[in-house]
Amino acid sequence: MSVNKENVRLYIANIQGSLSETDRKIAEFIVQQPARMAQLPIKKLAQETGVSEATIVRFSKRIGYDGLLNLRADLKRELLTENERALPSSPDIFLDDSRNDVANKIALTMETTLKETIGLLDLKIVNPVVERFLRARRVMFVGFGASGLAALEARDKMNRLGIDSEAFTDRFTMTLKLANLKADDFVVAFSHSGETPEVVNAFRLAQKKGAYKLAITHSPHSPLNELADTFLLTSGSAGPMQGDSIATRISQLFIIEFLCTEITRHNLRDSASTGLSIKELLIKERIKRETAE
């Protein structure tokens, strides 16, 4: 499995919730003071973060870098490229905001979430994932609560693409149906935290049957991802008034739409009309089928 760490601050901000208290201090320092993290001697960094020098080095390796030098090099590159652009954050809503302010802040939250989700995408794994969808005997989408809605949406869209798909959103059905999995089935789990017991258990059942497992989750370090064969990260976090669903849902829906679009592009790749849009190609395919009938 791999994670897109090209956007260093975004990646670290996304995994903060899954880190230990000590590691979280270092992560917060990187997100809030990236330039100092990139420049200060390690001894000074240890003083400012309140942890040992060895802890900073171990932190760098735990989150996927070869070491502190590698982390700093990527952070410096990002700072030079972005010219110290601040990490996007969801706008807070206050009781005295006007209705227009509230509407615009919600829209900005959604826009920021989409940009962050794109930033977290590891594009190297997209093609192998698409091929898994196309080769699978059946695709089983699982999710619980709000993530169950994403599982249902994914099922409907994949079925329209001709991919045999089912969705399970309650503990009993998940356990019953997944007990009959085959090795050539594909299980896709939605869980923002990556800790939902019902969804984690679904992956355990899939693992016993040898089925391939894709996690779509916010946290790269979670029980779900420990069981997953690969994962795609979503963005979104709880806001004081919006709750924890809007950004999460938008991010999950984006991943579904992106995967469905990539599957469609794969299916149309041999078309001679490469200059046409996907919509135009689909219309041509439909006309061709109707004419043949």
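This report concerns the structure included in the present document.

The rules behind these values
- In this numbering scheme, every chain counts its residues from 1 along its sequence in written order.
- In view of the model being predicted, local features appear only for residues whose pLDDT reaches at least 70, and side-chain atom pairs are presented and counted only at 80 or more, with totals across whole chains, interfaces and linings using the full set of residues.
- Derived side-chain values reflect all non-hydrogen atoms in the structure, with water molecules and hydrogen atoms excluded from consideration.
- Under the DSSP-based scheme used, a helix requires at least four consecutive residues in state H or I and a strand at least two consecutive residues in state E, with every element numbered from the N terminus.
- Any two residues whose heavy atoms approach within 4.5 Å at even a single point are treated as in contact.
- Areas reported here follow the Shrake-Rupley algorithm with a probe of radius 1.4 Å; residue values treat only the protein chains shown as occluding.
- One requirement defines pairing of two strands: DSSP has to find at least two bridges between them.
- By the criterion used throughout, a crossover qualifies as right-handed when its path from the first strand across the helix to the second strand runs clockwise, the strands pointing away from the viewer.
- Residues belong to one nonpolar core when they are buried, are Ala, Val, Leu, Ile, Met, Phe, Trp, Tyr or Cys, and are joined through side-chain atoms within 4.5 Å.
- Three exposure classes are used, based on accessible area relative to the maximum for each residue type with a 1.4 Å probe and protein chains only: buried under 20%, partly exposed in between, and exposed over 50%.
- Patches here are clusters of residues that have more than 30% relative accessible area and form no salt bridge, with a 9 Å joining cutoff for like charges and a 5 Å cutoff for nonpolar side chains (Val, Leu, Ile, Met, Phe, Trp, Tyr).
- A pairing counts as a salt bridge when a side-chain nitrogen of Lys or Arg comes within 4 Å of a carboxyl oxygen of Asp or Glu.
- The charge count treats Lys and Arg as positive and Asp and Glu as negative. His and the chain ends do not count.
- Charge coordinates come from a single atom per side chain, which is NZ of Lys, CZ of Arg, CG of Asp or CD of Glu.
- Note on geometry: axes are lines fitted to C-alpha atoms, helical ones only across the stretch in contact, with angles between N-to-C directions running from 0 to 180 degrees.
- Orientation labels follow simple angle bins: below 35 degrees gives roughly parallel, above 145 gives roughly antiparallel, 65 to 115 gives roughly perpendicular, and whatever is left gives oblique.
- Left-handed describes a crossing whose near helix is turned anticlockwise from the far helix by less than a right angle; the clockwise case is right-handed.
- Under the scheme applied, nonpolar residues are Ala, Val, Leu, Ile, Met, Phe, Trp, Tyr, Cys and Pro; charged residues are Asp, Glu, Lys and Arg; polar residues are all the others, including Gly.

1. As for the overall build of the chain
Counting secondary structure elements, the chain contains 14 helices and 5 strands. Considering only contacts in the chain between residues 6 or more positions apart, those separated by 24 or more positions represent 66%. Carbon and sulfur atoms make up 51% of the accessible area of the chain, which totals about 15300 Å².

2. Some details on the pairing of strand β2 (residues 165-168)
Side chains on a regular strand alternate between the two faces of the sheet. Both strand β1 (residues 139-143) and β2 contribute to a ladder of 4 bridges, which runs parallel. If you follow Met-140 over to β2, its bridge partner there is Glu-166. Taking the sense of rotation as the criterion, the β-α-β connection linking β1, helix α9 (residues 146-160) and β2 turns out right-handed.

3. Digging into the nonpolar core
It is characteristic of soluble globular proteins that their nonpolar side chains tend to be buried jointly. Phe-133, Val-139, Phe-141, Met-158, Val-188, Phe-190 and Leu-214 are the most contacted members of the largest nonpolar core, which has 26 residues in total. The set of elements that each furnish at least two residues to this core consists of α8 (126-135), β1, α9, β3 (186-191), β4 (212-217) and α13 (246-267). Look past the residues within four positions of Val-188 in its chain and what remains in contact with it is Phe-133, Val-139, Met-140, Phe-141, Val-142, Leu-214 and Ile-216. Counting 24 residues, the second largest nonpolar core, distinct from the first, contains Leu-19, Ile-26, Ile-30 and Leu-45.

4. Some details on a positive patch on the surface
Taken together, the side chains of Lys-182, Arg-204, Lys-208 and Lys-209 make up a positively charged region of the molecular surface. Within the secondary structure, Lys-208 is located in helix α11 (residues 197-209). A residue is classified by how much of its surface remains accessible, and Lys-208, at 72% relative accessible area, is exposed.

5. Here's the deal with the sheet that holds β4
Two strands in a sheet stick together by hydrogen bonds in their backbones, pointing the same way (parallel) or opposite ways (antiparallel). Spatial ordering of the open sheet is given by β2-β1-β3-β4-β5, a layout of 5 strands whose pairing is parallel. Of all the strands in the sheet, just β2 and β5 (230-233) have a single pairing partner and so form its edges. Direction aside, the axes of adjacent strands within the sheet are offset by 20° on average. Judged from the 4 bridges that link them, β4 and β5 form a sheet pairing that is parallel. Within the sheet, the bridge partner assigned to Ile-216 lies in β5 and is Leu-232.

6. Details of the side chain of Glu-198
As for its position among the elements, Glu-198 is in helix α11. On the accessibility criterion, Glu-198 (12% relative accessible area) is buried.

7. Digging into the packing of helix α7 (residues 99-120) against α13
Interhelical geometry of α7 versus α13 gives an angle of 45° and a closest axis separation of 9 Å. With respect to α13, the element α7 is oriented oblique. Once α7 is placed against α13, the crossing between them reads as right-handed. Across the interface between the two elements, Ile-106, Thr-109, Met-110, Thr-113, Leu-114, Thr-117 and Ile-118 from α7 touch Ile-246, Ala-247, Ile-250, Ser-251, Phe-254 and Ile-255 from α13.

8. Brief notes about the packing of helix α10 (residues 171-178) against α11
Look at α10 against α11: their axes get within 10 Å of each other, and the N-to-C directions meet at 5°. Considering their axes alone, α10 and α11 lie roughly parallel with respect to each other. On α11, the residues touching Arg-171, Met-174, Thr-175 and Leu-178 of α10 are Glu-198, Val-199, Asn-201, Ala-202, Leu-205 and Lys-209. A class-by-class count of the residues in the contact of α10 with α11 yields 5 nonpolar, 2 polar and 3 charged.

9. A look at the pairing of β1
Counting buried positions over the 5 residues of β1 gives 5, a clear majority of the element. A two-sided burial pattern is seen for β1, the buried positions comprising Val-139, Phe-141 and Gly-143 on one face and Met-140 and Val-142 on the other. In this structure, β1 lies alongside β3, joined through 5 bridges in parallel fashion. Along β3, the bridge assignment pairs Phe-141 with Val-188.

10. Let's talk about the pattern of salt bridges
Considering all chains together, one arrives at 14 salt bridges under this definition. Residue Glu-166 is joined to Arg-138 by a salt bridge in which the shortest nitrogen-to-oxygen separation is 3.3 Å. With Glu-166 in strand β2 and Arg-138 in the loop between α8 and β1, this residue pair connects regions lying 28 residues apart in the sequence. For Glu-166, a relative accessible area of 23% translates into the label partly exposed. Asp-229 serves as the salt-bridge partner of Lys-213, at 3.1 Å between the closest nitrogen and oxygen. You can see Lys-213 sitting in strand β4 and its partner Asp-229 sitting in the loop between α12 (223-227) and β5, a full 16 residues away along the chain. On the accessibility criterion, Asp-229 (32% relative accessible area) is partly exposed. It is possible to trace a salt-bridge network through shared partners that takes in Arg-137, Arg-138, Glu-166, Asp-184 and Asp-185.

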